[in-house]
Amino acid sequence: MKRLLTASAVLAAALQLQAAKVVNVSARSSRAGDVSVSDVTARCEVKPGAEYDPAACARDVKALRDAGEYEDITVEARHVDGGIDIVYVITPKTRYHGPLNCKGNDYWNASKIAKFADLKDGYAYGEADFAAAANRIRDEYRKKEFPDVKVTPIVEPIVGSDGAVSVTMVIDEGKRCEIDEYLFEGNANVEADALRETFGSFPWWNPIGWFTDTPVTSQDLAEARDKVAEHYRNLGYLDVVVLPAERIPGDEEDEANILFRIEEGPCYKVKSIAVKGVKQYPEAAVLAAVKTVVSGSVAGEKALNDAAREIEIFCGSGKPPLAETRVMVKRIPVEGDPNALDITFDVEEGVPVTIDRVLIRGNDYTKDKVIRREISLSPGDPMIESKAEQSKRRLENLRYFDRVRFYLEKKNDVLAEKGKSEVRDLVYEVSEKNTGQFMIGVGASSVDSVYGTVELSESNFDLFNPWRFRGGGQKGRMLLQAGPRYQTYEVSVTEPYLFDRMLELTVDAYRRQRWYDDYDIIRNGASATLAYPVKFWPTAKTTGRLGFRLAAEFIEFDDVSDDKYYLEKGFAHYTTPEDEPGPVFKWQEEEYGDAFEIPLRIFWEDDTRDTFRFATRGHKASIYGDLVGGDNNYWKVGFNFRQYFQVWKKYNHVIAFGVRGDTLDAFSDDVPIYNKLFLGGPRSIRGVEYRDIAPRVWSQQGKKGKYAAWGGQTSWCINAEYTVPVVKFVRVAAFTDLGAVGEDEFDFNTDYFCWSVGLGLRLDIESFPIRLDFAVPVVEPDDDVDKECFSFTVGYDF
């Protein structure tokens, strides 16, 4: 009874306090000295005369914290005559006066340490900010293998400076101890190299290791330990224990090794699979939905969780769809077999749900409509788990977000009618990441030599959001590449949903210049491309895209050679005697230089590859037709098809097959040399020089002396490549290329036919894949070719 009376008294006092009016609002500093009351109270929502509201005080505290000038804020509310007296107790931050002082530092100078601390002169900081600056310095030291470094901030007031402080970082660097090797003890069944790869430690010869940081700090090593344990559990060692990392002496005095001690435990296999708790569906049908785990397979943790998710999707997508079905994995030891488990999926069936609203959360930059158009569920639809999961994957594939998840949220104001589905909101929650990229680099290939690259791109671009230019779901790109044989300047914008329909518009402008042996070609132009998904009878499934591209291009010759060659095929407007050579490239410049072309392309393309970087399955196909007007009038048609097969799934062996063909002809006159077709080089027929497979002109009669490639009007090329992984991101390849160029349209004559074979190395570095090839021609054109046995390129495919 006494407790009840006490609680009632407290409640009555609280209600009385909340109902009273505010008679005074003030502020005071928790430190010695005064704080500007007007600065504090001016930011506050609570004013004298207003009803006292604790929520309003809480909002004031948040607003004061957001101002960044105060280290801590609390509120005191006291009952006085006439109402409530509000006092905001402020712990103000101090004004930092640079430069940063350092003591005990030897490895880095003071200016370098100040850069790590990132303290700005004149800014307000609190004790936590100075401690965070010390932690940043400490982390940088540990990255340079000072494991015992200590950094202590000393904050001292500056006399006569109106509260400003100076900061000294007292540094005890300790002994530098370079990590020589990561060692493992007890890993009887998993190779040490495989365990090192889990946390980014690769052998020196593997280029992936050149771009990754290895764990050094205590936090890094703890994360590495977790990754090693996760790797074991995914291999079926569910009872694995990985002890904390130990630092042990290395071979040299200034070296240390990191040792992980491992207790592997048994590797479990699945003996049987069962399902319980299912009422709406036959157990056999539910079991048939499980693809990742079967009897006899390894009981890896990821595989078991994936199997549980397969059941959740099956139950959430059937008839009726049971939303929020939950599945627990129960691992039951098998008597008499310590390495076997009976797996039971314990199903807690959900309920049918109708979607009331689709809500988007976490998108600070990305517009709602950019996310909604990837979600295949709408208000009023039944909640179908497979569609929700597919939408999640589509959002992940945008690469705008670090994390995407969805869930159903109950509506308190909506009650489900008996016998009908529940009504809930479907929520997609995203965590945005940086989608812009600024890249400066150097590239090289045996065709383009060495060239510099500057690229600015934004994959979540918004042309109509000035200054920010982010969040509209467009793609923007500016590119500059310059080298001794190639220059390009490009700017492009892509809108994938023009007029909020699946109509993709790309607009680009460019200037491209390439230096050849006998002339240079400069192309200045702009284009607009529209593409739309198409469906074909009888499946009515979307199969590729149909598109139209309209361009305007101005083409110039430059630095044209005046060397003289014989033409086997004469031209009426050339006045050179039939038996004498002439400056054929100068003639081309006079006839076709400074030309304006307007090409219209109609194309269809389809891409089913599992990834555009290192494809193992699927195909990429395209067919096109060009009609070109302006100073040059001609037509051109062609196709390109590439197919990928994973022939040995266990070891990830891949066969890639490609075939392409093109032919063109002028409506009158002849085709200019800059529009003609050539083969040869690392992206067509390896083992011969770039553009060396083509009809030619010769400096002497009878196809003798010096020659130059003149180009043809028909070309075809076939490539086949078999790749085998050696280590992660490194593959060896065996390949063959063959193709020919004909002089006229639809001319499949094999006078200029070449077939080569070779071996290669593929370094699958994301954003910078390197292809190294060694090839030799086994069949050459009758005129012979200039061989280029070794070639290298930066790119994902032949």
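Computed from a predicted model, the values in this text were never measured in an experiment.

A. View of the side chain of Thr435. Of note, Thr435 is situated in the loop between strand S18 (422–432) and strand S19 (436–445). On the basis of relative accessible area, Thr435 is assigned to the buried category, the value being 8%. In this structure Thr435 touches Arg399, Tyr400, Ser457, Glu458, Ser459, Asn460 and Arg470, once residues within four positions along its chain are discounted.

B. Highlighting the sheet that holds S18. Taking strand neighbours across the sheet as the criterion, the three strands line up as S16-S18-S17 in an open arrangement whose pairing is mixed. Edge positions in the sheet fall to strand S16 (353–361) and strand S17 (401–410), since each of these pairs with one other strand and no more. Across the sheet, the axes of successive neighbouring strands diverge by a mean angle of 20°, strand direction being ignored. Judged from the nine bridges that link them, S17 and S18 form a sheet pairing that is antiparallel.

C. Local environment of the environment of Asp520. Within the fold, Asp520 resides in strand S24 (residues 520–536). Looking at Asp520, the relative accessible area reads 2%, which means it is buried. Once the C-alpha coordinates of Asp520 and Glu374 are considered, the two residues, 146 residues apart in sequence, prove to be 45 Å apart. With residues up to four places along the chain from it excluded, the contact list for Asp520 reads Gln513, Arg514, Trp515, Glu556, Phe557, Asp558 and Asp559. At 3.0 Å, the side chain of Asp520 forms a polar contact with the side chain of Trp515.

D. Spatial organisation of the sheet that holds strand S15 (residues 337–348). Here three strands make up an open sheet; going across it, the order is S13-S15-S14 and the pairing mixed. What marks the edges here is a single partner per strand, and that holds for strand S13 (269–276) and strand S14 (326–334). On average, each strand axis in the sheet is tilted by 20° relative to the strand beside it, whichever way the strands run. Where S14 and S15 come together, nine bridges link them in antiparallel fashion. Looking at S15, one finds that Pro333 is bridged to Leu341.

E. Spatial organisation of the packing of aromatic side chains. Here the structure, examined in full by the defined rule, presents 26 aromatic pairs. Taking 6.4 Å as the distance between ring centres and 40° as the angle between the ring planes, the aromatic pair formed by Phe184 and Phe199 counts as tilted. Of this pair, Phe184 sits in strand S9 (residues 178–185) while Phe199 is found in the loop between helix H6 (192–198) and helix H7 (218–234), placing the two residues 15 residues apart along the sequence. No difference in accessibility class separates Phe184 from Phe199, as the two residues are buried. An aromatic cluster is built from Tyr516, Tyr519, Phe557, Tyr565, Phe585, Tyr674 and Trp710, whose rings are joined through pairwise contacts. When the ring centre of Phe735 is taken as reference, the NZ or CZ atom of Arg686 above it lies at 3.8 Å. If you follow Arg691 out to its NZ or CZ, it ends over the ring of Phe678, 3.7 Å from the centre.

F. View of the state of the cysteines. Scanning all chains against the criterion turns up zero disulfides. Cysteine Cys44 remains unbridged, with the sulfur of Cys57 as its closest cysteine sulfur at 8.4 Å.

G. Broad picture of the pattern of salt bridges. One pass over the structure, following the stated rule, counts 49 salt bridges. The salt bridge partner of Lys21 is Glu51, with a shortest N-O separation of 3.4 Å. Of this pair, Lys21 sits in the loop between helix H1 (2–19) and strand S1 (22–29) while Glu51 sits in the loop between helix H2 (37–41) and helix H3 (54–66), and the two are 30 residues apart along the sequence. Taking the relative accessible area as the measure of exposure, Lys21 reaches 43% and is therefore partly exposed. Among the ionic pairs, Lys302 bridges to Asp306, the shortest N-O distance being 2.9 Å. Of this pair, Lys302 and Asp306 both sit in helix H9 (residues 301–315), four residues apart, roughly one helical turn. The class for Asp306 is partly exposed, based on a relative accessible area of 30%. Counted as one network, the salt bridges with shared partners bring together Arg686, Glu721, Asp737, Arg762, Arg771 and Asp773.

H. Quick peek at the packing of helix H4 (residues 110–117) against helix H5 (residues 127–143). Viewed as axis vectors pointing N to C, H4 and H5 meet at an angle of 120°, and their least axial separation amounts to 8 Å. In terms of orientation, H4 and H5 fall into the oblique class. Of the two possible hands of crossing, H4 and H5 adopt the one that is right-handed. On H5, the residues that touch Ile113, Phe116 and Ala117 of H4 are Ala133, Arg136, Ile137, Glu140 and Tyr141.

About the thresholds
Residues numbered from 1 in each chain as written. Predicted model: local features only at pLDDT ≥ 70, side-chain atom pairs only at ≥ 80, totals over all residues. Heavy atoms only, no water. Helix = DSSP H or I, 4+ residues; strand = E, 2+ residues; numbered from the N terminus. Buried < 20%, exposed > 50% of the residue type's maximum accessible area, 1.4 Å probe, protein only. Contact = heavy atoms within 4.5 Å. Pairing = 2+ DSSP bridges. Axes fitted to C-alpha atoms, helices over the stretch in contact; angles between N-to-C directions. Polar contact = N/O pair within 3.5 Å; in protein donor to acceptor, adjacent residues only side chain to side chain. Phe/Tyr/Trp six-rings, centres within 6.5 Å; stacked < 30°, edge-to-face > 60°. Lys NZ or Arg CZ within 6 Å of the ring centre and 35° of its normal. Disulfide = S-S within 2.5 Å. Salt bridge = Lys/Arg side-chain N within 4 Å of Asp/Glu carboxyl O. Parallel < 35°, antiparallel > 145°, perpendicular 65-115°, else oblique. Left-handed = near helix turned anticlockwise from the far one by under 90°.

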